[in-house]
Structure formats: structure tokens, C-alpha cells
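Letter by letter, the chains look like this.
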Amino acid sequence: MLEIKGLKKTYASGVQALKGIDLEVPAGVFGLLGPNGAGKTTLMKILATLLEPDSGEVAVTGVDFINQKMAARRMLGYLPQEFGLYPTLTAEQTLAYFARLKGVMDGKERARLIEALLERVNLSDVRRQAVGGFSGGMRQRLGIAQALIGQPRIIIVDEPTAGLDPEERNRFHNLLSEIAGEATVVLLSTHIVSDVSTVCGQMSIIRRGEILAFSTPQAALAQIANFVWETTVPREDVPALKTRFRVISTRMFDCRVRVRVFSRDGRPAEAFSPATPTLEDYYLSLVSQPESVN
Amino acid sequence: MKNTLSPPLIAVFQAEVLFNLKRVAPYALMVIFSANAVLWWARGPAIVRGWAVNSDFYIVWLFGGFSFMTMPLFIALMMADPVIRDFRIGIDPLIFSKPVRRIEYLLGKFFGNFFVLVCCQACFALTALGLQAFSTPGMIVLSPRLFPYLQHFFFFVVVSSLALGAICFTVGTLTRNVKIVYGLVISFYFLFIAWQYTIKGLPIRWRIVLDPMLFNVGAEVWKGRSGDWLNQTTIDYDGYMIANRILMIGVSLVCFAILYNRFSSAERARTTARENTASIFNLAPRMERLYNESEGSGTAPARQAVEAATEKPAAIPQVKIITQGLRAGFDQFIAALGVEFRLLRAERSLIVVAPLVMLVCALELAAFEVVPEPSYSAGYASRTANSLLLFLFGVAVFYAGEAMHRDRESRIEPVLWATPAPNFVLLLSKFSTTLLLSTSLIALVALTAFGVQLYKGHAPFEPGPYLKTYGVVLAPSVVFMTAASAAMNVFLREKYLAYAVSLALGGGLYYLTGQGYNHWLYNPALLNLWTPSDLVSGGPHLTRILVHRVYWLAISALLLALALLFFERKSTRVLKVRGRLSGKAWTILAALVLVLTAIITGFILVA
């Protein structure tokens, strides 16, 4: 559905944010995972028609997102990483405004749509409250509600769960899963691995403007099965381990450090035991590699 | 040497200076002020009146004029929002959680920005100083001098700026609303002139002490003196002048004292009642507040509702979407207009600005005798039209500027720009709302003027002259000023730069008009080109006035078309989409028609 070919973007400051991205994204929830500064937001902005790439193509079901921006906006739902709302408008007025901008002209249809959306994101109770008084989670839900207006074919959500509590995050994951259908792509950009493992059918990992991997979460886990090892050591031993092995994560545990190591060549040392791989291991094993390895 | 100043104060001061170094506005001010000095040097009255361009007298005269013409608005530009900015970008909790005392924070903020402002103003003095090296035929230049420039700059410009800067800073910080500051500085001119009239009857020494800009210094002594005499005159500061400057510094200190007390109250109040605004005057834009759990889904019943909703998700109904065609565009425009209007209605600065406009209008009508020529109604309308113009200029510049940048500042812009709304919907809704505000102010002034006329019993009471004057003189001027301001914000993309350039252009045009350069082709506000009789009695002059208004309306529409073409949000690169002309192509066509209209009407005016 979404096809990205040779997408490049270099900012005026000289920062090369995208170095030729090629990606084919099918319908469903697709996770774009990468550390901060990887180029995720730049890619999202280009897809949302807010930024001009230097070169490359973007198309959704044949609509050229670079040259036919208005056509693209008709099939787009966008929830940016950081966004604001007019604080004096109520939730209902905010959605009504976006609905009219998105072309829902019939008043009765608009009212039904807004009612359903508010119910869907659990904001019906506060529909007549000014959004200036909303919590971060409520605002985020209102943001996703506006992104759902107009039966979008592609929904872009950029770091949507940052700042949400676990309950809100869970609710948000469920909502994303439900709205992604056969005819809709939900592109979820995040640096939170659990977001991807929970809701995404497929995923890509991006680092420094390049796609490092394209996979499903299951295939990703299969790729690193038997390669992840774990041990617990005193804190002062960690630097030595880092020089000897490819450490993918360290965590404090009971005044000691639990170290996870990636090794394709069997058990790295006696003290290590095999660990059940997680998507986070896969992600960290990729993004922690030196650039030349890629 | 050990630094005895408080480190947090120095840190805040340095941060403000560094921040300003990264902004375009201070550099724009420097260029404008330098250009102003060149203008006064080349086109000022020195050559005509035989004044030496570097005589003590002329330097003081120059700084007085510079202060009066540029000081209030440009000081407001720099000094109104340093604290508001911190609250707007949300850095305030980070600052106030550090061991920085409020006095250090406020003084650091004030003096950081004041230092930058003085550096900008110094460009005027330095340019004038440097121009001593040059001369044109007929220009008298005394032997080069340095000290009088520095001395008089500090005495006449810096001290006056300190007082006015302190007032702007205090009002801006306490109300957290820059538009109130802008409204106040626009009314400064009226208040200043009214004040000068009030103290006119006092002895000269008191007029010097009570004159915030020291305009009355030596006015009586210099009157009727020859150029030679004035060129030899040395300006020494007597006791009254020094008392005046001390008074100005005292005014600044009083402002700081009020600010310190009120600001600390506001901050304490904010921690206990955050849902209320942080401003003690309650004029700030509505602040966000923490969500109260009892209001929403956090309560037990609400949580149950949430869980129920999660179990049985509501289906999102399919709706008919129309985003193409005139009707869809019109509906989107009305929606955007409605929202802009709601935002304007919530704008609390209007609580101050609207009564201020009415007060100034009433004061002017009460203080000055209205000549019944051709009728009292026409006289009242024309007098208020002239004074209202400055307010309307301020509204066009500042309210349009704020509206144009509001979406970006409130971070809603990416969401709005990703919708299929055409650019004209986003741009023209802001333009129309600002226009609506200006029209409302005109209506308020009309009612006030009519009320004063009734009160004074100046019959006959005719609405016709009011309608004609405001409709023909003010309305097209307001359309032009708003369109120009909107276009300026699109072209320059930086709010404060747009403010600085708009004020400089407006001030420059006003100055040129005062100097006699008031040709129809570059006089959008029709300044000095009409009399009340022209509008009432009709005739060829009225026809010319009407053509002039069409000319400027065409230019206004052209500016809007250009703003659309250069709008930062791009929608299409091509002129044809699926065999039909794109919005861009239509805009270019409209711009061409408007250029043609302006050329034709321009020719008629010249002929």
C-alpha cells in the first residue's frame, strides 16, 4: 500500500536525516523503530506532506504524496509527536473543526461521527470541556480521534505513547489494532520497543537515516534465538565485559548488574546462561552495532 | 577581580543577550535605526534651516525626534514579552525550580533585553556620529565631535527608554499578554500629547521636570533663533533636567517594585490554584491546567465506562467526504473563520484595548473643538478617523501577526496542515478575523463619537457622514494594512521581524507624508488627501478618492494573492491537475488581474 523509494533529505544545517529510504508497507499496523535522531520524525513529516524531500518517491495506492499533496491529505490521518490544541475550544468543537476541514460537510453526519469518535477514545464525559484543561493522555486520545476523521487510508502516528500511563498505553494499542484494517496502513513511529511488539504486524528499524532491518516481530525473534546470553556481575566488572563481548543491555538488579550479551559463537563465557530473546534484544543488537558493520 | 554580582542574575542576563543574538528582530531594528539616522541626515530639516548636523542643539533635536517616533513601539517589541516567552515555551518550571530569586530573574530578564535594546538604539547614534565625516551641498558640519553624541544619547534616549521599558516589561509580565502592552504603547502618543496640553500652563521649569521625553527643554529659548546662534549653543543639563531624569529612573524603580511584589504573589497563587490563570489581573491567555480526576474518566464509574467501552468498541460511522469544489472550500473557510472568531472572542487583551480606543477617542473629542465643516457629524467623524488610524495600524500589525503565528506557537500547525484544507482557508480566515476586529473597533469609535456629539448637543445628528468617512477612508485603509501585515508575516516568517519591518514601513510612510510626500500612489491611508467636505459634497475630488480606494483595495488583494503563493505550506507544484487549473494557477491569474487593476487605477490617479 505505502511505497517509499530512494527518499533522501538533508537539512540546511548539513544534517543528512534520510539517506535513501526504500520501504514497502502493507496494510495493518507497521512499526518504525529507531533511536532518537534516527530520522523517524523527518520521514513522518514527509509522509504527512509537511516536509519536502530532496529526492525520492512516496505513494499510497498510487497517489503520489510528493507531487499531489492535496490528494494525499484527503487520505491521511496524522498524529504528530508534539502537537497542541486550541485551549479554549472544547473537545467537541475541536473535532467538529477538524471534521469540517477534512470535508465532512453534512452536519448530522458530523455530529454522529464526533459522538462515535469521542466514545471510541473515551472522552464522551468531557466533550464540553475546554481542551486546555485536559491531561496529557486525554489530549493524546483527542489527537488520535482527529486522526481517524475522514476514513483515512494511512494513519501516521509519531511517538504516540510517550507520556501515557500503562493503562492509557494499553488502550491506545487496542485502538490502533482495531483501526488498522485491510485497506488502512497505520504507521507507528516509536523508540519504545514494547509498542511495536504489542501491536505491529511488521516492523522496520531505522538508524541514522537508513533502514537497518525489515521484519515481523516473530521473525526478528527467530533471527536471534540462541544468540542472547545473560549473566549477573558486580557493577565494577561491567566495563571489562563491554570490552570483551558485544553487550546489548545492562540493568541494575539487586545491587548487581544483569548483563545481556549477543554472541553467535555459542556461550561467551562460563558465567553466561542462555536467555530468552526479546524484541528489545533484537533492536539493541542492531542499533548498538558500529556503523561499518551495516 | 571577584565578581560581586549575583551569578543567577548574570546567567539570566547572559541567556537573554544570547537569545537575542539568535533572533532576527534586533538586527532588523539596528538596520532600521541606522537607516533612520541616514534619513534624518539627508532629508531632515538641518540643511533648510541652516542647522549644523553635528551641533549640540541638532544632536538633542535628533535624539528627541528619534525617541518620539520610534521609542514606544520598538521598546514594546523588545520589552513586552521576555517573561511571557518563558511561560509560553514552558521553560518556567525549570527556571523556578533552581535557586534563582525572583528579583534576580526579573532583573536579569529586564536588563538582558534592555541592553540589547540600547545596543540597537545606539546604531542610530553611531550612524549619526559617523555621518559627520560626510556632507552634501549646503550642509553645515562643525568640527568632528564624539562626547555630545554619547552624553546626549545616554541622557535623552537611554533614560527615557529605561522608564518606558520598565512600564512595558511590568505590564507584559503581570498581564502575560503582549497585546495589552501594544495597545498601551499605541495610546502613548495620544496620552503624551494630552499630557503636554495638560502641563502647558505650568511654568517652564515644571514642564521640563514633568516631560517624560524632555521635549520642552529650551523650547522657548530656541524659538525664532537663527541657525548660527543654535549652532553655537551648548546644551548643559540644569537642575530641572537632572530632576526629570531622576524622576524617570524613579518611575522605573516603582515599576520594578510593583512587579516584584505582584509577580511573587502571582507565582505563589499559581502553585495553590493552578487551574486559575497565573496572572493576577486575569488577562493572560487561558493557561492549561492539570486535569482534575473527578471531572473525567479517572473516577470509578467513569473507569467502568472506559472498560465497557473497551469491551464493546463503538463503530466509527462512514461519512460522506467532500473536499473539492467551491462549496467544500466555502464550508472549510466558514469552519476556520468560526474557530478564529472563537479564539478572538477569548482574547482577553480586548478587555483593555477596546475601552482604551473609546477612551482616547472620547478624550480627543472632549479636549479639541470640533469644527462644523461641512457639518458637526462630518467633523466628529473626520477627527476620530484620523486618530483611530494609528490604533487600526497597531491592530493590523500585532493582531494579524499574532493570528498568523498562533498555530505554530500552539503547536497545532502540523495537524492543521495535514488536513485537506486549501491554503486560502487557513490564511484568509485569519485575515478576515483581524478585519472583523478592526471593523468592530471602528463601530465602537463611531458610537463613542456619536455619543459625545449627542452629549455636547452638536446637532444635526446624521449617521451618513460617519458611514461615508469610515467607509471610504478607514475601511479600505484597514483592509490594506491587514493584508500587508498578513503578507509580511508570510514573506518574512518571523513574527518579530515582521513587526519591526511593518512598524518601520508604516512609520516611514507617515514621516514622508508629514514631509509633503503624500502622493496618491503611495499613500494607502489617504493621509492629508481628503477633507470632510470632499466626502459629503461629492464632485470630481470624491471620484478621485474612490478611484484611490479601488487602487489600494486591488493592491491589498494582490498582497493576499502573493501571500497565498508564498505560503510556507505547499500544496501543489503544478499549474494543472487532471486537466483543470490548480489553485496555484488560479491565484497567479487573480494576481495578474489585480496588477492590471492597480495599473489602470494608478494611471487614472496620475492623470
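Note that the coordinates shown come from a computational prediction; the quantities given were computed from them, not determined experimentally. (Residues numbered from 1 in each chain as written. Chains lettered and ligands numbered in written order. Predicted model: local features only at pLDDT ≥ 70, side-chain atom pairs only at ≥ 80, totals over all residues.)

**What to know about the overall build of chain A**
Here's step 1: If you tally the helices and strands in chain A, you get 10 helices and 14 strands.
Here's step 2: Along the first, second and third principal axes, the C-alpha atoms of chain A reach 70 × 45 × 40 Å.
Here's step 3: Taken across its 294 residues, chain A has 49% of its residues classed as buried.
Here's step 4: If you take every contact in chain A between residues at least 6 apart in sequence, the share linking residues at least 24 apart comes to 67%. (Helix = DSSP H or I, 4+ residues; strand = E, 2+ residues; numbered from the N terminus. Buried ≥ 20, exposed ≤ 12 C-beta atoms within 10 Å, placed from the backbone. Contact = placed C-beta atoms within 7 Å.)

**As for the overall build of chain B**
Here's step 1: Helix and strand content of chain B: 24 helices and two strands.
Here's step 2: At 27 Å, chain B has a C-alpha radius of gyration in line with the 25 Å of a compact globule built from 607 residues.
Here's step 3: A principal-axis box enclosing the C-alpha atoms of chain B has dimensions of 90 × 75 × 55 Å. (Rg over C-alpha atoms; globule rule 2.2 N^0.38 Å.)

**Considerations on the pairing of strand S10 (residues 210-215) of chain A**
Residue and element names in this part refer to chain A.
Here's step 1: Pairing geometry for strand S9 (residues 202-207) and S10, over five bridges, is antiparallel. Residue pairing in the sheet places Ser 204 in a bridge with Phe 214 of S10.
Here's step 2: Taking the residues that link successive antiparallel strands as the turn, the S9-S10 hairpin has two residues, and the phi of Arg 208 there is positive, at about 45°. (Pairing = 2+ DSSP bridges.)

**Some thoughts on the sheet that holds strand S4 (residues 55-60) of chain A**
Note on sheets: strands pair through backbone hydrogen bonds, and any given pair is parallel or antiparallel.
Residues and elements named next belong to chain A.
Here's step 1: Here we have four strands laid out as an open sheet, ordered S2-S1-S4-S5, and antiparallel in their pairing. What marks the edges here is a single partner per strand, and that holds for strand S2 (16-25) and strand S5 (63-64).
Here's step 2: Of the strand pairs in this sheet, strand S1 (residues 2-10) and S2 are connected by seven bridges, and their pairing is antiparallel. Within the sheet, the bridge partner assigned to Leu 2 lies in S2 and is Val 25.

**Regarding the confidence of the model for chain B**
Residues and elements named next belong to chain B.
Here's step 1: The predicted model of chain B has a mean per-residue pLDDT of 85, with 90% of residues at 70 or higher.
Here's step 2: Scored below 50 in pLDDT, residues 265-282 makes 24 contacts in the model with residues more than four places away or belonging to other chains.
Here's step 3: Below pLDDT 50 for its whole length, residues 286-306 participates in 37 contacts with residues either more than four positions away or in separate chains. (pLDDT = per-residue confidence, 0-100.)

**Remarks on the nonpolar core**
Here's step 1: Counting residues in each nonpolar core, the largest one holds 247 residues, and the members touching the most others are Cys168(B) and Ala500(B).
Here's step 2: Among the elements that make up this core, the one with the highest residue count is helix H17 (residues 376-409) of chain B (17 residues).
Here's step 3: Those residues within four positions of Ala500(B) in sequence are excluded, and the remaining contacts are Ala25(B), Ala28(B), Leu29(B), Ile32(B) and Leu77(B).
Here's step 4: In this structure, Phe227(A), Ile248(A), Val259(A) and Phe262(A) belong to the second largest nonpolar core, which totals seven residues. (Core = buried A, V, L, I, M, F, W, Y, C linked by C-beta atoms within 7 Å.)

**Here we look at the interface of chain B and chain A**
Here's step 1: Contacts between the two partners involve 44 residues from chain B and, on the opposite side, 52 residues from chain A.
Here's step 2: Residue contributions to the side of chain B that touches chain A peak at seven residues, all from helix H15 (residues 326-345) of chain B.
Here's step 3: Tallied by class, the residues present in the side of chain B that touches chain A amount to 24 nonpolar, 10 polar and 10 charged. (Nonpolar A, V, L, I, M, F, W, Y, C, P; charged D, E, K, R; others polar.)

**Some thoughts on the sheet that holds S10(A)**
Residues and elements named next belong to chain A.
Here's step 1: An order of S6-S7-S8-S3-S9-S10 is seen for the six strands of this open sheet, with the pairing classed as mixed. Strand pairing shows two members of the sheet lacking a second neighbour, strand S6 (76-79) and S10, which therefore form its edges. Here the strands of the sheet are splayed against their neighbours by 15° on average, with no regard to which way each runs.
Here's step 2: The sheet contact formed by S6 and strand S7 (residues 154-158) spans four bridges and is parallel. Directly across from Gly 77, in S7, lies its bridge partner Ile 155. (Axes fitted to C-alpha atoms, helices over the stretch in contact; angles between N-to-C directions.)

**So, unusual backbone geometry**
All names here are of chain B.
Here's step 1: With omega at 0°, the peptide bond leading from Ala 459 into Pro 460 counts as cis.
Here's step 2: Positive phi values are uncommon outside glycine, yet Arg 176 reaches one of about 55°.
Here's step 3: Looking at the secondary structure, you find Arg 176 in the loop between helix H8 (147-175) and helix H9 (178-198).

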